Amino acid sequence: MSTLSQPRPTENEIAMRGSGYYNKNSSLQHVGALSAVELFPDLSHKSRLTLVDYGCSQGANSIAPIKQLLSTLPDGSSAHIIFNDRPYNDFSALAATIKQHGRELDRNRSLMIFPSMVPISFYNPVTSPTSVDIGVSWSSFNYLEYQQPLLPASDLATLVKQRTTRNAKHAHSDLVKLLRLRAAEIKPGGCFIFALGGRVAGNQSPNAVAQAMMVAIKCMVENGTLTQEQMIALDPPMYERSMEECDEAFTKLAALWTVERKFERIVAHPAYVLLQEKKAEACGNEAEEIKASREYASIVVDWIVASFSWFFVKALRAGVDEEEQLKTWTSSEESLLEEFAKMTKEVFLTSFQDQKVEFCYLYFKLSRN
Ligand SMILES: C[S@@+](CC[C@H](N)C(=O)[O-])C[C@H]1O[C@@H](n2cnc3c(N)ncnc32)[C@H](O)[C@@H]1O
């Protein structure tokens, strides 16, 4: 076969669902980011700060950690805050979020805040060399740089295993790459604090809502709404690393980074706590209990759809060329996405009702040598 005809990896041009949808449906990530607060340095000795949030999406979950970081800066200090994400991110929603929280960020005008937005993949340099004091990132580093060519079709279970092995390899080289890139832009003595979606060693099973989503996709193939080809094309370039896998990358880069702290935490979707409260309030009233279960199913499915929509629409476009892949969604694609969300809610209610939706996060504080 000539090299020209061989499928090649393409840029992983994903974004979260736009028009502020992600902002409204990412409360689990919000809790995830806030658990990193204990890693934040005291900045009371600084008067100028440059901070980058890598993969900030529409910003809702960036604000609270940034506010917390800025809280120890002396009055009158200035802070350049760089909000980074891929070019297809909803930067209008991000700009609105930054504006909406302007007074909180500048502590009611006691700081000078200079926000900027940088639409570029973090697998590239994002700022100039040695310009950054603190880098942060929440729930973003499990997105890989490239979408690999689809593996030859086989049964779905085998395919899923093969994808995991393939993605693990890329996840390692991607983490090494992005740590090298950050080492070039974060100043010696500066720090890099991040939380990424992880995997408890030995546990491969996806959470209940991800399982419901897979069942819904199979149902949509069976009822002819999706084709087999589209189902096979649902191959998100993502990987949830174990702590040990992250350690391998840190060991390789020990000359650049020192791991100051690391820990693992399971974060439950906040709607789960709400569900328990509503069930307790219902005091056995069946109608109220069913209502609470429906609300819970709706929130957790909207949560996963906020991050998964682009992958779904990309799969609908299986077989079209790269440029077509990035066009605005059509109304029929939007309708299929709605049908998919509705079906996933039904499956969740019938087969996974009230199951706890939780996510494993790995937290790191690295200092630049
Ligand atoms: C699950 S969202 C997390 C967003 C936000 N940090 C939060 O805590 O809610 C992942 C974000 O990472 C961004 N992302 C993924 N790969 C990226 C890359 N290579 N460069 C920049 N951003 C990327 C996505 O576009 C998305 O906005």
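An unreviewed UniProt entry lists the protein chain under the name S-adenosyl-L-methionine-dependent methyltransferase, with Paraphaeosphaeria minitans given as the organism.

Caption draft 1: Fine view of the overall build of the protein chain. Counting secondary structure elements, the protein chain contains 13 helices and nine strands. Here the C-alpha atoms of the protein chain give a radius of gyration of 21 Å, agreeing with the 21 Å that 2.2 N^0.38 yields for 369 residues. Referenced to the eigenvectors of the C-alpha coordinate spread, the extents of the protein chain come out at roughly 70 × 60 × 40 Å. A burial count over the protein chain gives 37% of its 369 residues as buried. Taking contacts inside the protein chain between residues at least 6 apart in sequence as the whole, the part at least 24 apart equals 89%.

Caption draft 2: Representation of the site of the ligand in the model. Every one of the 22 residues lining the ligand counts as a neighbour, but G55, S57, N61, W138 and S140 are closest to it. When residues of the shell around the ligand are traced back to their parent elements, those giving at least two are α2 (27-34) and β3 (78-85). Considered class by class, the residues forming the shell around the ligand number nine nonpolar, 11 polar and two charged.

Caption draft 3: Summary view of the environment of V300. As for its position among the elements, V300 is in helix α11 (residues 286-316). Taking the C-alpha atoms as reference points, V300 and P115, separated by 185 residues in sequence, lie 32 Å from one another. Excluding anything up to four places from it in sequence, V300 contacts V209, H269, A271, F348 and V357.

Caption draft 4: Structural context of the packing of helix α7 (residues 208-222) against helix α13 (residues 331-351). Where α7 meets α13, the closest approach of the two axes is 8 Å, and the angle between their N-to-C directions is 120°. Judged by the angle between their axes, α7 and α13 are oblique. The hand of the α7/α13 crossing is right-handed. Of α13, the residues touching α7 (which contributes V209, A212, M213, V215, A216, C219 and M220) are F340, M343, T344, V347, F348 and S351. Tallied by class, the residues present in the contact of α7 with α13 amount to 11 nonpolar, two polar and no charged.

Caption draft 5: Just helix α3 (residues 63-70), in detail. Within α3, burial applies to P65, I66, L69 and L70. End-on view of α3: buried residues confined to an arc of 135°, all on one side of the axis. Turning to α3, the residues buried within the fold contact α2, β2 (48-54), β3, α5 (102-105) and β5 (132-138).

Caption draft 6: Looking closely at the sheet that holds strand β7 (residues 186-197). The seven strands are arranged β4-β3-β2-β5-β7-β9-β8 in an open sheet whose pairing can be described as mixed. Looking at strand neighbours, the two that pair on one side only are β4 (112-119) and β8 (257-268), the edges of this open sheet. Strand-to-strand twist in this sheet, taken as the mean axis angle between neighbours without regard to direction, amounts to 15°. Relative to β7, β5 is paired through six bridges, and the arrangement is parallel. Paired with W138 across the two strands is A195, which belongs to β7.

Caption draft 7: Here's a closer look at the pairing of strand β9 (residues 358-368). Summarising the sheet, β7 and β9 pair through seven bridges and their orientation is antiparallel. By the bridge assignment, G197 is partnered in β9 with Y361. Relative to β9, β8 is paired through 11 bridges, and the arrangement is antiparallel. In the strand pairing of β9, E264 is matched with L362.

Caption draft 8: Region of interest: the nonpolar core. Membership of the largest hydrophobic core comes to 83 residues, with the highest contact counts inside it found for A195 and V300. When residues in this core are grouped by element, the largest group, 14 residues, is from α11. Setting aside residues no more than four positions away along its own chain, A195 makes contact with G32, A33, S35, A36, W138, S139, Y361, L362 and Y363.

Caption draft 9: Examining α2 more closely. By the burial criterion, the buried members of α2 are L28, Q29, G32 and A33. Burial along α2 is one-sided: seen end-on, the buried residues are contained in an arc of 135°.

Caption draft 10: Main features of the packing of helix α10 (residues 270-282) against α11. For the pair α10 and α11, interaxial distance at closest approach is 9 Å and the crossing angle is 175°. It follows from the interaxial angle that α10 and α11 lie roughly antiparallel. Residues A271, L275, K278, K279 and A282 of α10 form the contact with α11, whose participating residues are E288, E289, A292, Y296, I299 and V300. Classifying every residue of the contact of α10 with α11 by side-chain character gives seven nonpolar, no polar and four charged.

Caption draft 11: Main features of the pairing of β5. Counting buried positions along β5 gives seven out of seven residues, so the element sits mostly inside the fold. Bridging between β2 and β5 involves three bridges; their strand directions are parallel. For D53, the partnering residue across the bridge sits in β5 and is V136.

What counts, and where the lines are drawn
- Residues numbered from 1 in each chain as written.
- Predicted model: local features only at pLDDT ≥ 70, side-chain atom pairs only at ≥ 80, totals over all residues.
- Helix = DSSP H or I, 4+ residues; strand = E, 2+ residues; numbered from the N terminus.
- Rg over C-alpha atoms; globule rule 2.2 N^0.38 Å.
- Buried ≥ 20, exposed ≤ 12 C-beta atoms within 10 Å, placed from the backbone.
- Contact = placed C-beta atoms within 7 Å.
- Near = placed C-beta within 6 Å.
- Nonpolar A, V, L, I, M, F, W, Y, C, P; charged D, E, K, R; others polar.
- Axes fitted to C-alpha atoms, helices over the stretch in contact; angles between N-to-C directions.
- Parallel < 35°, antiparallel > 145°, perpendicular 65-115°, else oblique.
- Left-handed = near helix turned anticlockwise from the far one by under 90°.
- Arc of directions from axis to C-beta.
- Pairing = 2+ DSSP bridges.
- Core = buried A, V, L, I, M, F, W, Y, C linked by C-beta atoms within 7 Å.

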